[in-house]
Amino acid sequence: MKVLLLTHPMPASPYGTALLEALPDVTAVEYTPQLGDAELAEVDAVLAWSFPPGVAGRLKRLRWVCAVSAGVDKLLVPELHPDVPVSRIVDPEQGQGIAQFVALMALRHARQLPLYERQARDHQWRRHPVAAVRSTVLVLGTGAMGSAVADMLRSVGFDVRGWSRQQGGALDDALAAADIVVCALPLTPQTHGLLDARRLACMRKGAYLINIARGHHVVEADLVDAVRSGHLAGAALDVQQQEPLPPDHPLWGVEGITITPHIAAQSSVDTIATQFVAGLRCLLRGEPPPQQVDRQRGY
Ligand code: OXD
C-alpha cells in the first residue's frame, strides 16, 4: 500500500516516522510538485490538510482521504472521485482547546480587558463599573466543536444559545438577540459568506464576533466596515480567508479586531497519526475506514 502525505503547512516527516513504526510494509511519500503521474497513480490513501490544484484528479487508485483536521472543506474538491471516502480527525481535546480559546476571547471582551490594556499603556489606574458576566452568546454550529464551546461558556456564566442550519430557526433573530456571536460551523457552500454585511447588521450594536471555524464564513471587508463604523465592538478571528494573512491585509490594525494565526487548538501529531494508522488498518482488512464525513453535506 502507498500513502501520500500532503500535510503542508504542517511538516509531513512526523507522520512518515509514525507510519513506518506502525505499518512497516506501507510506503509513505511526501508530496512535492515534482511527483509524476505514474507515482501519483499508485497512491492508495492520502493524509492531507488540502489538495494543491490538479492533484486529486491524478490519484487514480485512491481509496481513502484522511484529513489532518476536523474540517474537511479543503479536501472536497471537484476532481476528487465521488466514491472516495473522506474521514476527519475526531479529537475531544481539540474541542476542549477551542472552547478554552473562545472562553478567553469572550471573557476578554465581556470583562473589558482591551480598555484596561489601553489604560495600562498610558499608566492610568482608573476603575469602571464592573458588570457580572451574564452576556448572551449565540454559538453558530451545534456539532462537536459548538457543543464543547457552549458547555465551557455556560460554566463561566454566559447565557448561551445555539443555532444550526439543520435545526433551523431564524438566524437574523438569533443574531439580534446576542451580545457575542461565535462561529463554529462547518464550511459548506451553504455557510460560505454567511456572515455578510446584512447579517452583521442584524447583530446588536456593540456586539462582538468570534470566529474559530473558517475564514470564508465571514465577508472580511464587511466585517471591517461593521467594526470601523462602530456598529460592532470588534472581533476575534483565529481563522482568515487567506492563511498566512499577508502583512498588508486590511484586517490587520483595525482597532477592536484581534487576529491569531489559527492556533485556537490543533490535534497533536500523535492523535492524528494514531487515527490515520487505525484507518489504514481498516483499509488493509478490506473494511471501511472510520470517522467518514457525509461528502454531500460537507461535514
Ligand atoms: C480543524 C482546524 O479543522 O484545525 O481541525 O481548523
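Look up: the structure comes first, before these words.
First, a word on what this report is: a plain description of the structure on this page. (Residues numbered from 1 in each chain as written. Predicted model: local features only at pLDDT ≥ 70, side-chain atom pairs only at ≥ 80, totals over all residues. Heavy atoms only, no water.)

With respect to the site of the ligand
- Inspection of the region around the ligand gives S69, A70, G71, Q94, R214 and H262 as its neighbouring residues.
- The separation between an oxygen atom of the ligand and a polar side-chain atom of Q94 is 2.9 Å.
- Take H262: an N or O atom from its side chain is 2.7 Å from an oxygen atom of the ligand.
- Considering the ligand on its own, with 210 Å² of exposed area, one finds that the protein chains cover 86% of that surface.
- Among the residues forming the shell around the ligand, the class breakdown is one nonpolar, four polar and one charged. (Near = heavy atom within 4 Å. Polar contact = N/O pair within 3.5 Å; in protein donor to acceptor, adjacent residues only side chain to side chain. Areas by Shrake-Rupley, 256 points an atom, 1.4 Å probe, with all protein chains shown as cover. Nonpolar A, V, L, I, M, F, W, Y, C, P; charged D, E, K, R; others polar.)

So, the packing of aromatic side chains
- In the structure shown here, the tally under the stated rule is one aromatic pair.
- Where W64 meets F276, the ring centres are 5.4 Å apart and the plane angle is 20 degrees; that geometry is what we call stacked. Taken together, the residues W64 in strand β4 (residues 64–67) and F276 in helix α9 (residues 269–285) connect sequence positions 212 residues apart.
- Note on W64: relative accessible area 1%, which makes it buried. (Phe/Tyr/Trp six-rings, centres within 6.5 Å; stacked < 30°, edge-to-face > 60°. Helix = DSSP H or I, 4+ residues; strand = E, 2+ residues; numbered from the N terminus. Buried < 20%, exposed > 50% of the residue type's maximum accessible area, 1.4 Å probe, protein only.)

A closer look at the layout of surface pockets
- Space inside the second largest pocket adds up to approximately 420 Å³.
- What lines the second largest pocket is a set of 16 residues, and nearest its centre among them are P114, R118, A233, E255 and G256.
- Broken down by element, the lining of the second largest pocket gets its largest block of residues, five residues, from helix α4 (residues 113–121).
- A per-class count over the lining of the second largest pocket returns seven nonpolar, four polar and five charged. (1 Å grid on protein atoms, 1.4 Å probe; cavity = no way out; pocket = protein on both sides within 12 Å on 5 of 7 lines; lining within 4 Å. Points joined across faces, edges and corners; volume = space filled by probe spheres on them.)

Re the sheet that holds strand β9 (residues 207–211)
- Spatially, six strands are ordered β7-β6-β8-β9-β10-β11 in an open sheet, and the strand pairing comes out parallel. Since the sheet does not close on itself, it has two edges, and those belong to β7 (159–163) and β11 (257–259), each with one partner. Strand-to-strand twist across the sheet, computed as the mean angle between neighbouring axes with direction ignored, equals 15 degrees.
- Sheet topology note: the strand β6 (residues 136–140)/strand β8 (residues 180–183) ladder contains four bridges and is parallel. The residue bridging V139 from the neighbouring strand is V182, located in β8.
- The strands that helix α5 (residues 144–155) touches are β6, β7 and β8; relative to β6, the one it contacts most, it runs at about 170 degrees. (Pairing = 2+ DSSP bridges. Axes fitted to C-alpha atoms, helices over the stretch in contact; angles between N-to-C directions. Contact = heavy atoms within 4.5 Å.)

Here we look at unusual backbone geometry
- Residue H8 is joined to P9 through a cis peptide bond whose omega torsion reads 10 degrees.
- If you trace the backbone, P9 turns up in the loop between β1 (2–6) and α1 (13–22).
- The amide bond that connects E243 to the next residue, P244, takes the cis arrangement and shows omega of -5 degrees.
- For P244, the position within the fold is in the loop between β10 (232–237) and β11.
- At Q112, a residue that is not glycine, the phi angle is positive and equals roughly 60 degrees.
- Mapped onto the secondary structure, Q112 falls in the loop between α3 (92–110) and α4.
- The phi torsion at H123 lies on the positive side, around 55 degrees, for a residue other than glycine.
- Mapped onto the fold, H123 is located in the loop between α4 and β6.
- A relative accessible area of 74% places H123 in the exposed class.

Quick word on the sheet that holds β4
- If you trace the five strands from one edge of the open sheet to the other, you get β2-β1-β3-β4-β5, paired in parallel fashion. One side of each edge strand has no neighbouring strand; the edge strands of this open sheet are β2 (27–30) and β5 (86–87).
- The sheet contact formed by β1 and β2 spans four bridges and is parallel. Bridge pairing in β2 links V3 to A28.
- Lying on the sheet, α1 is in contact with β1, β2 and β3 (45–48); it crosses β1 at an angle near 155 degrees.
- Strand contacts of α9: β1, β3 and β4, with the helix running at about 165 degrees to β4, the strand carrying the most contacts.

Structural notes on the environment of A18
- Note that A18 resides in helix α1.
- In this structure, the C-alpha to C-alpha distance between A18 and E93, residues 75 residues apart in sequence, is 20 Å.

The analysis is restricted to geometry; functional conclusions fall outside its scope.
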